[in-house]
Amino acid sequence: MNAVDAVFTSPPVSRQTFDEVMVPTYAPSNVVPVRALGLDVWDQAGKQYLDFTAGIAVTSLGHAHPAVVEALTAQAQQLWHVSNGYTNEPVLRLASALIKATFAERAFFCNSGAEANEAAFKLARKYGHDKFGPQRSRILSCLNAFHGRTLFTVSVGGQPKYTEGFEPLPPAISHIPFNDIAAARAAMGDDVCAIVVEPVQGEGGVMPADAAYLQALRALCDQTGALLIFDEVQCGMGRTGALFAYMQYGVTPDILTSAKALGNGYPIGAMLTTSAIAATFVPGTHGTTYGGNPLAAAVALKVLEIIDTPVFLTRVQEAGALLRRMLDALVVDYPQVFASVRGRGLMLGMLLADGYRGRAKEITKYAEAEGLMILIAGMDVLRFVPALTVSDAQLGRADQLLRTALDKFLAAPK
Ligand SMILES: *Cc1c(COP(=O)(O)O)cnc(C)c1O
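Residue indices begin from 1 for each chain and proceed along its sequence in written order. Since the coordinates come from a predicted model, pLDDT governs what is reported: local features require at least 70, and pairs of side-chain atoms require 80 or more to be given and counted, while whole-chain, interface and lining totals use all residues. The basis for every side-chain value is the complete set of heavy atoms in the structure, and neither hydrogens nor water enter the calculation.

> Tell me about the sheet that holds strand E2 (residues 40-43), and name the residues and values.
Note on pairing: DSSP must find at least two bridges between two strands before they are called paired. Counting from the N terminus, the helices are the DSSP runs of H or I reaching at least four residues and the strands are the DSSP runs of E reaching at least two. In space, the four strands of this open sheet follow the order E1-E2-E3-E15, with mixed pairing throughout. Strand pairing shows two members of the sheet lacking a second neighbour, strand E1 (33-37) and strand E15 (372-373), which therefore form its edges. In this structure, E1 lies alongside E2, joined through four bridges in antiparallel fashion. The residue of E2 that forms the bridge with Ala 36 is Val 41. In this analysis, two residues are considered to be in contact whenever any of their non-hydrogen atoms come within 4.5 Å of each other. The convention used is that axes are lines fitted to C-alpha atoms, helices contributing only their stretch in contact, and that angles between N-to-C directions extend from 0 to 180 degrees. In the packing of helix H15 (residues 392-411) onto the sheet, the strands contacted are strand E3 (48-51) and E15, and the crossing angle to E3 comes to about 110°.

> Please provide a residue-by-residue account of the sheet that holds strand E17 (residues 381-384), values included.
Across the sheet, four strands lie side by side as E13-E14-E17-E16; this open sheet has antiparallel pairing. Each end of this open sheet is capped by a strand with a single partner; those strands are strand E13 (338-344) and strand E16 (375-376). Strand direction decides the pairing type here: E16 and E17, joined by two bridges, are antiparallel. What sits directly across from Leu 375, in E17, is Arg 383. Against the sheet, helix H13 (residues 310-333) engages E13, strand E14 (347-352) and E17, with an angle of about 170° to E13.

> Would you mind going over the domain arrangement of the protein chain in detail, with residue names and values included?
Partitioning the protein chain into domains gives domain 1 (3-64 + 310-411) and domain 2 (67-307). Domain segmentation is taken from an automatic or database assignment of domains. Using C-alpha coordinates to define each centre, domain 1 is positioned 26 Å away from domain 2. With 29 residues of domain 1 at the contact, the number on the domain 2 side is 28 residues. Of all residues in domain 1, Leu 61, Arg 344 and Met 347 give up the largest surface area on contact with domain 2, accounting jointly for 32% of the area buried on that side. Definition used for salt bridges: Asp or Glu carboxyl oxygen within 4 Å of a side-chain nitrogen of Lys or Arg. Where domain 1 touches domain 2, the interface holds one salt bridge. Note that Glu 203 is salt-bridged to Arg 383, the shortest N-O span being 2.9 Å. Pairs of N or O atoms are called polar contacts if they sit within 3.5 Å, as long as, within protein, a hydrogen donor faces a hydrogen acceptor (for residues adjacent in sequence, only side-chain-to-side-chain pairs). For the pair domain 1 and domain 2, the number of links is 14 residue pairs in polar contact (both at pLDDT 80 or more). Secondary-structure elements contributing two or more residues to the side of domain 1 that touches domain 2 are helix H3 (54-57), H13, E13, E14 and E17. The element best represented in the side of domain 1 that touches domain 2 is H13, accounting for four residues. Summed over both partners, the accessible surface that disappears when two parts come together, traced with a 1.4 Å probe, is what is meant by buried area.

> I'd like to hear about the environment of Glu 362, residue by residue, with values.
With respect to the helices, strands and loops of the structure, Glu 362 is situated in helix H14 (residues 360-370). Burial classes: relative accessible area under 20% of the type maximum marks a residue as buried, over 50% as exposed, and values in between as partly exposed (1.4 Å probe, protein chains only). The partly exposed category is assigned to Glu 362, whose relative accessible area is 35%. A sequence separation of 14 residues divides Glu 362 from Ile 376, and the C-alpha atoms of the two residues are 9.7 Å apart. Of the polar contacts made by the side chain of Glu 362, one reaches the side chain of Arg 359; its length is 2.9 Å.

> Help me get a handle on the pairing of strand E10 (residues 227-231), residues and values and all.
With five of five residues buried, E10 lies mostly within the body of the structure. Side chains Leu 227, Ile 229 and Asp 231 project from E10 onto one buried face, and the interleaved Leu 228 and Phe 230 project onto a second face that is buried too. Pairing between strand E7 (residues 192-197) and E10: four bridges, direction parallel. Pairing of Ala 194 across the sheet is with Leu 227, part of E10. Relative to strand E11 (residues 255-258), E10 runs parallel, the two sharing three bridges. Opposite Asp 231, over in E11, you have Thr 257 as the bridge partner.

> Run through the site of the ligand, naming residues and quoting values.
Consider each residue's heavy atoms; a residue with any of them within 4 Å of a molecule or strand counts as near. Around the ligand, the structure places Ser 112, Gly 113, Ala 114, Asn 117, Phe 146, His 147, Gly 148, Glu 198, Asp 231, Val 233, Gln 234 and Lys 260. A distance of 2.7 Å separates an oxygen atom of the ligand from a polar side-chain atom of Gln 234. One of the side-chain N or O atoms of Lys 260 is found 2.6 Å from an oxygen atom in the ligand. For the ligand, whose free accessible area comes to 380 Å², the fraction covered by protein is 81%. For the shell around the ligand, the element with the most residues is helix H6 (residues 113-132), which contributes three residues. Across the shell around the ligand, the residue classes break down as three nonpolar, six polar and three charged. Accessibility throughout is a Shrake-Rupley quantity obtained with a 1.4 Å probe, and a residue counts as covered only by protein chains that appear here. Throughout this entry, Asp, Glu, Lys and Arg are counted as charged residues, while Ala, Val, Leu, Ile, Met, Phe, Trp, Tyr, Cys and Pro are counted as nonpolar. The remaining residues, Gly among them, count as polar.

> Quick rundown of the nonpolar core? Include the residues and the values.
In plain words, nonpolar cores are sets of buried Ala, Val, Leu, Ile, Met, Phe, Trp, Tyr and Cys residues tied together by side-chain atoms within 4.5 Å. Core analysis: the biggest nonpolar cluster contains 100 residues, and Phe 52, Tyr 213 and Phe 338 have the highest contact counts within it. Ala 124, Ile 139, Phe 152 and Ile 229 belong to the second-largest nonpolar core, a separate cluster that totals 22 residues.

> Got a sec to walk through the packing of H14 against H15? Specific residues and values, please.
Put simply, H14 and H15 touch, their axes get as near as 8 Å, and they point 125° apart. Our classification of the angle between H14 and H15 gives oblique. The handedness of the crossing between H14 and H15 is right-handed. Where H14 approaches H15, its residues Glu 362, Ile 363, Tyr 366, Ala 367 and Glu 370 are matched on the opposing element by Leu 401, Leu 402, Thr 404, Ala 405, Leu 406, Lys 408 and Phe 409. Orientation is classified from the angle alone, with under 35 degrees giving roughly parallel, over 145 giving roughly antiparallel, 65 to 115 giving roughly perpendicular, and any other angle giving oblique. Take the far helix as your reference; a near helix turned counterclockwise from it by less than a right angle gives a left-handed crossing, and one turned clockwise gives a right-handed crossing.

> So, the side chain of Asp 43: which residues are in play, and what are the values?
For Asp 43, the location among the structural elements is in strand E2. One buried charged residue, Asp 43, remains without a salt bridge, the closest side chain of opposite sign being Lys 47 at 6.1 Å. Among the polar contacts made by the side chain of Asp 43, one reaches the main-chain amide nitrogen of Ala 45 at a distance of 2.9 Å. A polar side-chain atom of Asp 43 sits 2.8 Å from a polar atom in the side chain of Tyr 49. With near-sequence residues (within four places) excluded, Asp 43 lies in contact with Val 31, Val 32, Pro 33, Val 34 and Tyr 49. Neither His nor the chain ends is counted toward charge; the positive residues are Lys and Arg and the negative residues Asp and Glu.

See the structure below:
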């Protein structure tokens, strides 16, 4: 056996291996999942977990959804990749379906949320320059926003901890407090090419925008010709109980970005826009090797078909209401730990009370020990984004497991 074979075949690998072979960009749990079905996950030791993370709002149809597995494997037998020198049937069907389902008239595909936003920001800059001149470059975005980890998207994002050390950053980006209409008005100017906002901030702590705020941003853009970009990478694809959150708000963006749940775990991102704006990008201005690859497109088309039905979305609203009642009851029963519940649909967060600020991660560890996977959104918020297919029984089970975890957390010495 040569050295390369030894790496691929020799057992065992464990969480320890991560520290030995990976660039330490993450601090993963000691649990190493090996198999999953629906909301159930099994680790290397065979222990079972109830997954209320959905891989950070990605596997919205649950793990290994049979129709999605079928779409992927059927396409895998047919055609994987052709390059952008050719188009392909799945991507044309996916683009047509997304256009039919939304405000959009054109779609661009890529491989992640960051890339979808990168495309959106580049498009907004170029559109502004072409239409109004080179001074129209500035992008307005919100504090605590998260738009991805490329240098441009992380700079537009409003969390300094993610840009520190990476300077010099791309210029002409300003940050405004989220949900603050007066601040948005004050920051607006003729040099602004786009305002970007998450209709529900995810990483920033599960914070829904006020409808009046999104309406005000729309009005500001309409006054100057700036583009309104909604980053629905996390809150889109059924998560809030509508296909995209903008539909519930009744505010239509000029550009919408999607990723995460769009591929249910198969990497794909999308940028949707109007044909007038899309015309800014001509052959050669932007692209990516894998974007709109037949495998990803076939998966996303199936995911969209399943999610975008009234029955499915009504059930998301119902499950979201149930989860919210469950979390509200936890606030009542554990008032020392929790201050409030916020979010929309099946994208909910619990803000920790003052005495427990900074301890969200610790609580997730107790939950994991009980067999419940949950997320944080910042150090002070527990985040609940289960698969949209979560059953009432699974919601009840999560409630039990979380209560046990909280009791043990509270009984433990600090
Ligand atoms: C996760 C996320 C991104 C980045 O997506 P990646 O696929 O990790 O690049 C961008 N915007 C929002 C709102 C997200 O939640």
